[in-house]
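A closer look at the structure
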Amino acid sequence: MENVKVTVIGGGAAGALCAVLLARSGIAVTLLEKNEKTGKKLFITGKGRCNLTADLPPREFLEGVVRGEKFLRSAVWTFTPEDTKKFFEDEGVALVTERGNRVFPASGKSSDVTRALDRALKESGVRVELCTEVKKAEKKGEKFLVTSSDGREFSSDILVVATGGKSYPSTGSTGDGYYLARSFGHSVVKPVPSLVQLLTHEDVSSLNGISLKNVTLSAEVKGGKTLSEFGELLFTKRGISGPVALTLSAHLNRVGGATLRLDLKPALTHEKLDARVLRDFAERKNADLKNVTRALLPERLNLYVLRRAGLSPEAKVNAVTREERERLVRTVKGLTFGFASVGPFEEAVVTSGGVELKELTPKCESRSVKGLYFAGEVIDCDAYTGGYNLQIAFSTAAACAADIAAKAQNAREG
Ligand SMILES: Cc1cc2nc3c(=O)[nH]c(=O)nc-3n(C[C@H](O)[C@H](O)[C@H](O)COP(=O)(O)OP(=O)(O)OC[C@H]3O[C@@H](n4cnc5c(N)ncnc54)[C@H](O)[C@@H]3O)c2cc1C
């Protein structure tokens, strides 16, 4: 393979970067993207602002990885968050680092990132074939043959599958990489939604839209393990979302059952909260209970909590027994919900699961099919929010590109 030819399937974060890096090392690259443009998901990341990496040294970065930490070590050291920043800065995208080491374009526009990648694809000479949906990929002798839905065929020495996961399928990530991987004999770890709301058995629709800060959400998983997250939370029509819920979803998405426990006043011990309630009660003995507890909780949540504690919102404070007050405090410190499941793929920020890691080298090449690579979310790796998932896409893409470029160089030399 003297003049190595590469086909990359998928023009998302991973596929686009991989194609650019390959082309810059003198390799002929064809990028196949089924949408009418590249980077459709990239465009909606970070609420349209694109949190493109987490500004951390590799070791600390890897602590944000939920699945595949060990596998990703090599790729993340090959192309670090610093390299991601440098790549985009060199492409003219000014960046800012915000709270939680989150890196964004200074303009606040994800289009800066997608445009930079598009420009780099063009300038490096990648042949980009849009509206090209890959239906089949096979290896015939030494060559890979890829067939699109309109019957066109693309032949290459190397094939990179960067088709993403299954979440937000409207962006083009419909899980096609999984059947392509299986067609080459690879195993696929069951894909499940991650970074998504937690659906509850209880009807929480009356709380829809209430957002809370500084609360602790814990999950007691069947079998005794407890996971806990402190921070912001948002009630939805069907469950709990917001940062703490999204983080827990990364661990609950493969769990059959769990009890969620919401501590609405984690800064106060049970005793301190009880003392505060007692003081409030003493000050307004003749008031309705709901009007006194309103000082503790937002309006709709106040009524919900009183109901869950088995208390009448209209009861007079002086009629509340010690046992009832105790129940109220216990409920505020531990409002429980039955965890039904994580939300659907349509709402999930990322897919957990994908191409089995054991079947890939640390450079993301198939151990069984030489010249076949996988990059990005299609692999069984995922992480928390905060720029980690895009960095995984960039690092695995760059790992593939470096390995392929090294092989091409060897081939050229002889
Ligand atoms: C709403 C939302 C916000 C997010 N925000 C952030 C964030 O701020 N920071 C962060 O780090 N991560 C974020 N993520 C996650 C991040 O976007 C993904 O992890 C990342 O885009 C994965 O990159 P990828 O290249 O592997 O896959 P994708 O970006 O999904 O790209 C895959 C591409 O392959 C194409 N494709 C699929 N099948 C075929 C086929 N058969 N033929 C041809 N082309 C095909 C698709 O059309 C798509 O363009 C967010 C995700 C969502 C949904």
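For every chain, the first residue of its written sequence is number 1, and the numbers climb from 1 along that sequence. Note on the predicted model: pLDDT of at least 70 is required for a residue's local features to be given, and 80 or more for side-chain atom pairs to be given and counted; whole-chain, interface and lining totals, by contrast, use all residues. Hydrogens and waters are ignored; side-chain quantities use all the structure's heavy atoms.

**Considerations on the side chain of T30**
The residue T30 is located in strand 2 (residues 28-32) in this model. Contacts are assigned to residue pairs with any non-hydrogen atoms lying within 4.5 Å of each other. Once residues lying within four places of it in the same chain are set aside, the contact partners of T30 are V6, T7, V8, R127, E129 and F154. Per the convention used, a helix needs a DSSP run of H or I reaching at least four residues, while a strand needs a run of E reaching at least two, with both numbered from the N terminus.

**Notes on the pairing of strand 17 (residues 258-263)**
As a general feature of sheets, a regular strand has side chains that alternate between the two faces. In the sheet, strand 14 (residues 211-221) pairs with strand 17 via six bridges, with the strands oriented antiparallel. In the strand pairing of strand 17, T216 is matched with D263. Strands are labelled as partners when DSSP assigns at least two bridges between them. By the bridge criterion, five bridges tie strand 17 to strand 18 (residues 335-342) in an arrangement that is antiparallel. Considered in strand 18, the bridge of T259 is made with G338.

**Description of the sheet that holds strand 17**
Through backbone hydrogen bonds, the strands of a sheet pair up, either in parallel or in antiparallel fashion. Pairing is antiparallel in the closed barrel, where six strands are placed in the order 13-16-15-14-17-18. Neighbour-to-neighbour, the strand axes of the sheet open up by a mean angle of 50°, direction not taken into account. As defined by bridge partners, strand 15 (residues 226-235) adjoins strand 16 (residues 239-241) across two bridges and the pair is classed as antiparallel. Opposite L234, over in strand 16, you have S241 as the bridge partner. Between the N-to-C directions of two axes lies an angle of 0 to 180 degrees, each axis being a line fitted to C-alpha atoms and, for a helix, fitted only over the stretch in contact.

**Examining the sheet that holds strand 2**
Spatially, 7-2-1-11-20 is the arrangement adopted by the five strands of the open sheet, whose pairing is parallel. Among the strands making up the open sheet, the edge pair consists of strand 7 (127-129) and strand 20 (372-374). On average, each strand axis in the sheet is tilted by 20° relative to the strand beside it, whichever way the strands run. Both strand 11 (residues 158-161) and strand 20 contribute to a ladder of three bridges, which runs parallel. Paired with V160 across the bridge in strand 20 is Y373.

**Details of the domain arrangement of the protein**
Note that the domain bounds reflect an automated or database-derived domain assignment. For the protein, the assigned domains are domain 1 (5-193 + 349-413) and domain 2 (197-343). The C-alpha-based centres of domain 1 and domain 2 are spaced at 41 Å. Facing ten residues of domain 1, the contacting portion of domain 2 comprises eight residues. Counting the surface domain 1 buries against domain 2, the share from its top three residues, V192, P193 and Y384, is 53%. Criterion for a salt bridge: a side-chain nitrogen of Lys or Arg within 4 Å of a carboxyl oxygen of Asp or Glu. If you look at where domain 1 meets domain 2, you find zero salt bridges. When two components associate, each loses some accessible surface as probed by a 1.4 Å sphere; the sum of these losses over both components is called the buried area.

**Things to note about the packing of helix 4 (residues 69-78) against helix 13 (residues 388-413)**
One way to put it is that helix 4 packs onto helix 13 with a least axis distance of 8 Å and a crossing angle of 80°. In terms of their interaxial angle, helix 4 and helix 13 are classed as roughly perpendicular. Contacts between helix 4 and helix 13 involve L72, A75, V76 and T78 on the former and, on the latter, I392, S395, T396, A398, A399 and A402. Three categories are distinguished: nonpolar for Ala, Val, Leu, Ile, Met, Phe, Trp, Tyr, Cys and Pro, charged for Asp, Glu, Lys and Arg, and polar for the others, with Gly belonging to the last. Its residues assigned to classes, the contact of helix 4 with helix 13 shows seven nonpolar, three polar and no charged. Every angle not falling under 35 degrees, over 145, or within 65 to 115 is termed oblique; those three ranges are roughly parallel, roughly antiparallel and roughly perpendicular.

**Notes on the packing of aromatic side chains**
Note on aromatic contacts: the rings of Phe and Tyr and the six-membered ring of Trp form a pair at centre separations within 6.5 Å, being stacked when their planes are under 30 degrees apart, edge-to-face when over 60 apart, and tilted otherwise. All chains considered together, the criterion is met by six aromatic pairs. Between F88 and F394 the ring centres are 5.6 Å apart and the planes differ by 55°, which places this aromatic pair in the tilted class. Highlighted residues: F88 in helix 5 (residues 81-90) and F394 in helix 13, separated in sequence by 306 residues. With relative accessibility at 0%, the residue F394 sits in the buried group. Through a chain of ring-to-ring contacts, the aromatic side chains of F87, F88 and F394 assemble into a single cluster. Throughout this description, buried means an accessible area under 20% of the type-specific maximum (1.4 Å probe, protein chains only), exposed means over 50%, and partly exposed covers the range between.

**Details of the pattern of salt bridges**
Under the criterion given, the structure shown has 30 salt bridges. For D263, the salt bridge identified is with K333, shortest N-O distance 2.9 Å. With a gap of 70 residues between them, D263 in strand 17 and K333 in helix 12 (residues 322-333) connect regions that are remote in the sequence. Since its relative accessible area comes to 14%, D263 is described here as buried. For K333, a relative accessible area of 18% corresponds to the buried category. The partner of K290 in a salt bridge is E314, with the nearest N and O atoms 3.0 Å apart. Separated by 24 residues along the polypeptide, K290 in helix 10 (residues 289-293) and E314 in the loop between helix 11 (299-308) and helix 12 bring together distant segments of the chain. A residue is classified by how much of its surface remains accessible, and K290, at 23% relative accessible area, is partly exposed. Each of K34, E133, K135 and D176 takes part in salt bridges that share partners, so that together they form one network.

**Some details on the site of the ligand**
The ligand sits among 34 residues. The nearest are E33, S173, D176, E377 and L390. Taking A13, its main chain carries an N or O atom lying 3.1 Å from an oxygen atom of the ligand. At 2.8 Å, a side-chain N or O of D176 approaches a nitrogen atom of the ligand. All accessible areas in this document rest on Shrake-Rupley with a 1.4 Å probe, and a residue is counted as covered only by the protein chains that are shown. Coverage of the ligand by the protein chains reaches 95% of its 1000 Å² of free accessible surface. For the shell around the ligand, the secondary structure elements donating two or more residues are helix 1 (13-24), helix 2 (40-48) and helix 13. Here the residues of the shell around the ligand are counted per class, giving twelve nonpolar, 16 polar and six charged. To be near a molecule or strand, a residue needs just one of its heavy atoms within 4 Å of it. Counted as a polar contact is a pair of N or O atoms within 3.5 Å, where, for protein atoms, one must be capable of donating a hydrogen and the other of accepting one, and residues adjacent in sequence contribute only when both atoms are in side chains.

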